[in-house]
Amino acid sequence: MQAINTFFKNLAVKLSLPTFFQDSGLLFNNLFLTLVAVLSLVCLLLVIFLIPTKKRAKNV
């Protein structure tokens, strides 16, 4: 468990995140990463469904 906390602390330092993320434990870091992933997924789905695409008409 300590190794995972150290990993997230080093990741926060590399990403230049605020000291809150550098000092917080595994629960807060996982929550933060989960929120980022969910937000990215929602944005991706919005882009997929809201950008109009040209559909080819079938000539039968």
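Residues numbered from 1 in each chain as written. Predicted model: local features only at pLDDT ≥ 70, side-chain atom pairs only at ≥ 80, totals over all residues. Heavy atoms only, no water.

**Q** Explain the overall build of the protein chain here, please?
**A** Within the protein chain, the regular secondary structure consists of three helices and zero strands. Reading the secondary structure of the protein chain in the N-to-C direction produces α-α-α. The buried share among the 60 residues of the protein chain stands at 12%. When the accessible surface of the protein chain is totalled, it reaches about 5,600 Å², and 71% of it is carbon and sulfur. (Helix = DSSP H or I, 4+ residues; strand = E, 2+ residues; numbered from the N terminus. Buried < 20%, exposed > 50% of the residue type's maximum accessible area, 1.4 Å probe, protein only. Areas by Shrake-Rupley, 256 points an atom, 1.4 Å probe, with all protein chains shown as cover.)

**Q** Teacher, can you tell me more about the environment of aspartate 23 here?
**A** Among the secondary structure elements, aspartate 23 is positioned in helix H2 (residues 19-23). The sequence separation of aspartate 23 and alanine 12 amounts to 11 residues, and the corresponding C-alpha distance is 9.0 Å.

**Q** What is the right way to look at the confidence of the model for the protein chain in this model?
**A** Detailed reading of the predicted coordinates is not advisable wherever pLDDT falls low. Averaged over the protein chain, the pLDDT score is 79; the fraction of residues at 70 or greater is 75%. The least confident element of the protein chain is H2, whose mean pLDDT is 73; the most confident is helix H3 (residues 26-50), at 85. (pLDDT = per-residue confidence, 0-100.)

**Q** What am I meant to see in helix H1 (residues 2-14) here?
**A** Helix length check: H1, at 13 residues, gives a terminal C-alpha distance of 18 Å against a target of 18 Å (1.5 Å per residue), a fit within 8%. Directly after H1, the chain includes serine 16, whose backbone phi takes a positive value near 55°. (Expected span 1.5 Å × (residues − 1).)

**Q** Where do I start with a nonpolar patch on the surface in this structure?
**A** A cluster of nonpolar side chains, namely Val38, Leu41, Val42, Leu44, Leu45, Leu46, Ile48, Phe49 and Leu50, defines an oily patch on the protein surface of about 900 Å² accessible area. Among the secondary structure elements, valine 38 is positioned in helix H3. Residue valine 38 is classed as partly exposed on the basis of its relative accessible area, which comes to 46%. (Patch = residues over 30% accessible without salt bridge, like charges linked within 9 Å, V, L, I, M, F, W, Y side chains within 5 Å. Salt bridge = Lys/Arg side-chain N within 4 Å of Asp/Glu carboxyl O.)

**Q** Sorry, what's going on with the environment of valine 13 here?
**A** With respect to the helices and strands, valine 13 occurs in helix H1. A relative accessible area of 45% places valine 13 in the partly exposed class. Taking the C-alpha atoms as reference points, valine 13 and aspartate 23, separated by 10 residues in sequence, lie 9.9 Å from one another.

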